[in-house]
Amino acid sequence: MIPMTTAQIRDAVAGVLHGDEALTVTGVSTDSRQISPGDWFVPILGERFDGHDYIDKALEAGAVGCFCARLPQALRPDKAYIEVADTKTALRALASWYRGQFDLPVVQVTGSMGKTTFKELLAGILSQRYNTLKTHGNFNGDIGTPLLMLELGPEHQAAVVETGMDALGQIRALGEMVRPDVAVITNVDDVHLEYFNSRDEILQAKAEIFENLRPGGLAVLSGDDERLNTLHPANCQLLRCGLSEGCDVRVTDLEDLGLEGLRFTVVTAKGRYPLALTTPGVHMAGLVSMAVAVAEHMGLTAEEILRGVAAYQPADNRLRVERLAGGRMMINDSYNANPRSVSADLRILAQHKGGKRIAMLGDMKELGVAAQPGHESVGRLVGELGIEVLLAVGPLCREYMVPAAKAAGCPDVRWYEKREDVKDDLLALFGPGDCVLLKASHFFGRFDLMADFLREYTF
């Protein structure tokens, strides 16, 4: 981060400064446990905590000062306090002002699924030429995004910013900070129906990304998504990418290698890119086509694009095919789940040869009115694909997925209340040559811990 003074912070957030306006700030943190000398502390009001209770701890650890929605009773004369109506709003205002200090290409990404995968993929490609800042993990909300923007430094030449949402107006608010040169929507699905009334309302929320796209910038949309094909953003270039006819950037010559990955060609107006991925899943080809479109727009050469795609490795717990002892295999996609992504993973699992296919699936959250049909559709697909074993975890799976899988002919369907209950059965079932898929919603049951257990277990 470029150092800034307390006076600059005050002016950026329109707050009231108590203390020295000439103090220098070299970082921003919302966590009093991770303060470095020179940081500015932002106390956040959470559901079960109030960051204001940790102001003294942050200042003692070396913070120069802090935002305050309520001032402490005693103010330290060697520190600065900026009084604001809301500390989160002040953080966003500071990040928005700070973003304005930089002239570099920024890509903003949103979508119901695949946005973290796309972010990692694109950042890896752009890094072949540019020093690229990217969102850490999935910290893509109203705290993670401003903190990322405040990491920008003179060394950075590009940025890829992932933005998530669960309400109308959130993508707009994040875009006001990001102010992208390129806006990407990976897809629109039922993932957020707990918070929205329909997919069309989700589409409306995702389309807010265009409101802060710079005039003449680039919009990149999946041409395989029927709802995205109804969007026609104004005052920008538009590229639709994917496997469908009519896409501006199209995937051709697709060869699905099952668990070994994909081979395919991406064709643009400028050239042809023969590519290979070790990550399975046909949907990955569509994401790659979008990344190629952005990279080409940002001036990368064909050699740089090919090198960047070849170097791609999935992030932790996101569609990783891992080989375990005794020829066993694990498809670890335990980070999150929704009906479309689980169905895609089941089709990958179904391609495994040489042993049993075991699907360990957990409840899919945030589906709202789509919870019943979503779980039922996954259960039916387990049976239709001939998956030999379904180990289902959670109340939604018990009510909807398990009966559907049994009715569709899955020969071995078992239900468990929680992840820990599965362990003994899974170890007994998981023999040499077998393959297990781990998939559940984020934080439901922590299926990533099962992946850690299997990875370390001595069979």
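Coordinates for the structure precede this section.
Residues numbered from 1 in each chain as written. Predicted model: local features only at pLDDT ≥ 70, side-chain atom pairs only at ≥ 80, totals over all residues. Heavy atoms only, no water.

Here the focus is the overall build of the protein. Across its full length, the protein carries 14 helices and 22 strands. Against the 2.2 N^0.38 benchmark of 23 Å for 459 residues, the protein shows a C-alpha radius of gyration of 24 Å, consistent with a compact globule. Seen through its principal axes, the protein has C-alpha atoms that stretch 70 × 55 × 40 Å. Taking all 459 residues of the protein together, 56% fall into the buried category. Look at the contacts in the protein between residues 6 or more apart in sequence, and 63% of them connect residues 24 or more apart. As displayed, the protein offers around 18900 Å² of accessible surface, 48% of which is attributable to carbon and sulfur atoms. Treating the 46 positive side-chain charges of the protein as one cloud and the 61 negative ones as another, the clouds have centres 3 Å apart. (Helix = DSSP H or I, 4+ residues; strand = E, 2+ residues; numbered from the N terminus. Rg over C-alpha atoms; globule rule 2.2 N^0.38 Å. Buried < 20%, exposed > 50% of the residue type's maximum accessible area, 1.4 Å probe, protein only. Contact = heavy atoms within 4.5 Å. Areas by Shrake-Rupley, 256 points an atom, 1.4 Å probe, with all protein chains shown as cover. Lys, Arg positive; Asp, Glu negative; His and termini not counted. Charge placed at Lys NZ, Arg CZ, Asp CG, Glu CD.)

Generally speaking, soluble globular proteins have nonpolar side chains that are buried together. The biggest cluster of nonpolar side chains holds 39 residues, and the ones touching the most others in it are Phe118, Val184, Phe264, Val266, Val288 and Val294. At 10 residues, helix α8 (residues 283-297) tops the list of elements feeding residues into this core. Sequence-distant contacts of Val266, that is, excluding residues within four places in its chain, are made with Val249, Arg250, Val251, Gly271, Arg272, Tyr273, Leu275, Val288, Ser289 and Val292. (Core = buried A, V, L, I, M, F, W, Y, C linked by side-chain atoms within 4.5 Å.)

Before going further, it helps to examine the pattern of salt bridges. For the coordinates displayed, the defined rule picks out 36 salt bridges. Between Glu21 and Arg10 there is a salt bridge, and its shortest N-O distance comes to 3.1 Å. Of this pair, Glu21 sits in the loop between β2 (16-18) and β3 (24-25) while Arg10 sits in helix α1 (residues 6-13), placing them 11 residues apart in sequence. When its relative accessible area of 43% is taken as the criterion, Glu21 is described as partly exposed. Residue class for Arg10 comes out partly exposed when judged on its relative accessible area of 22%. Here Arg214 ties to Asp181 by a salt bridge, and the two come within 2.7 Å at their closest N and O atoms. (Salt bridge = Lys/Arg side-chain N within 4 Å of Asp/Glu carboxyl O.)

To continue, consider the sheet that holds strand β4 (residues 27-29). Sheet architecture is open: five strands sit in the order β2-β7-β6-β5-β4, paired in mixed fashion. The open sheet is flanked by β2 and β4, the only strands paired with a single partner. In this sheet, neighbouring strand axes are inclined to one another by 25 degrees on average, regardless of whether the strands run parallel or antiparallel. Where β4 lies against strand β5 (residues 39-41), three bridges are found, and the strand directions are parallel. If you follow Ser29 over to β5, its bridge partner there is Phe41. Across the sheet, α1 lies against β2, β5, β6 (65-68) and β7 (80-83), angled at about 5 degrees from β7, the strand it touches most. Set on the sheet, helix α3 (residues 87-99) makes contact with β4 and β6; between it and β6 the angle comes to about 120 degrees. (Pairing = 2+ DSSP bridges. Axes fitted to C-alpha atoms, helices over the stretch in contact; angles between N-to-C directions.)

What the rule picks out here adds up to zero disulfides. The cysteine Cys68 is free of any disulfide, with Cys66 supplying the nearest cysteine sulfur at 3.5 Å. As a non-bridged cysteine, Cys241 has Cys247 as the owner of its nearest cysteine sulfur, 6.9 Å distant. Since its relative accessible area comes to 1%, Cys241 is described here as buried. (Disulfide = S-S within 2.5 Å.)

Attention now goes to the side chain of Lys206. As for its position among the elements, Lys206 is in helix α7 (residues 199-206). With no salt bridge to any partner, buried Lys206 finds its closest opposite charge in Glu162, at an N-O distance of 8.9 Å. At a separation of 3.3 Å, a polar atom in the side chain of Lys206 contacts the side chain of Thr110. Engagement of the side chain of Lys206 in a polar contact is seen with the backbone oxygen of Gly111, the distance being 3.2 Å. (Polar contact = N/O pair within 3.5 Å; in protein donor to acceptor, adjacent residues only side chain to side chain.)

This part takes up the environment of Ser244. Take Ser244: it is sitting in the loop between β13 (237-242) and β14 (249-256). A sequence separation of 79 residues divides Ser244 from Met165, and the C-alpha atoms of the two residues are 27 Å apart. Once you skip the residues sitting within four places of it in the chain, Ser244 turns out to touch Gly223, Asp224 and Arg250. Within the structure, Ser244 has its side chain in polar contact with the side chain of Asp224 (distance 2.5 Å).

Turning next to the sheet that holds strand β18 (residues 329-332). Hydrogen bonding along the main chain pairs the strands of a sheet, whether they run parallel or antiparallel. Reading across from one edge, β17-β18-β22-β19-β20-β21 is the order of the six strands in this open sheet, with mixed pairing throughout. Each having just a single partner strand, β17 (320-323) and β21 (412-416) make up the two edges of the open sheet. Strand-to-strand, the axes of this sheet are offset by a mean angle of 15 degrees, without reference to chain direction. In terms of strand pairing, strand β20 (residues 389-393) meets β21 through five bridges, oriented parallel. Paired with Ala392 across the bridge in β21 is Trp415.

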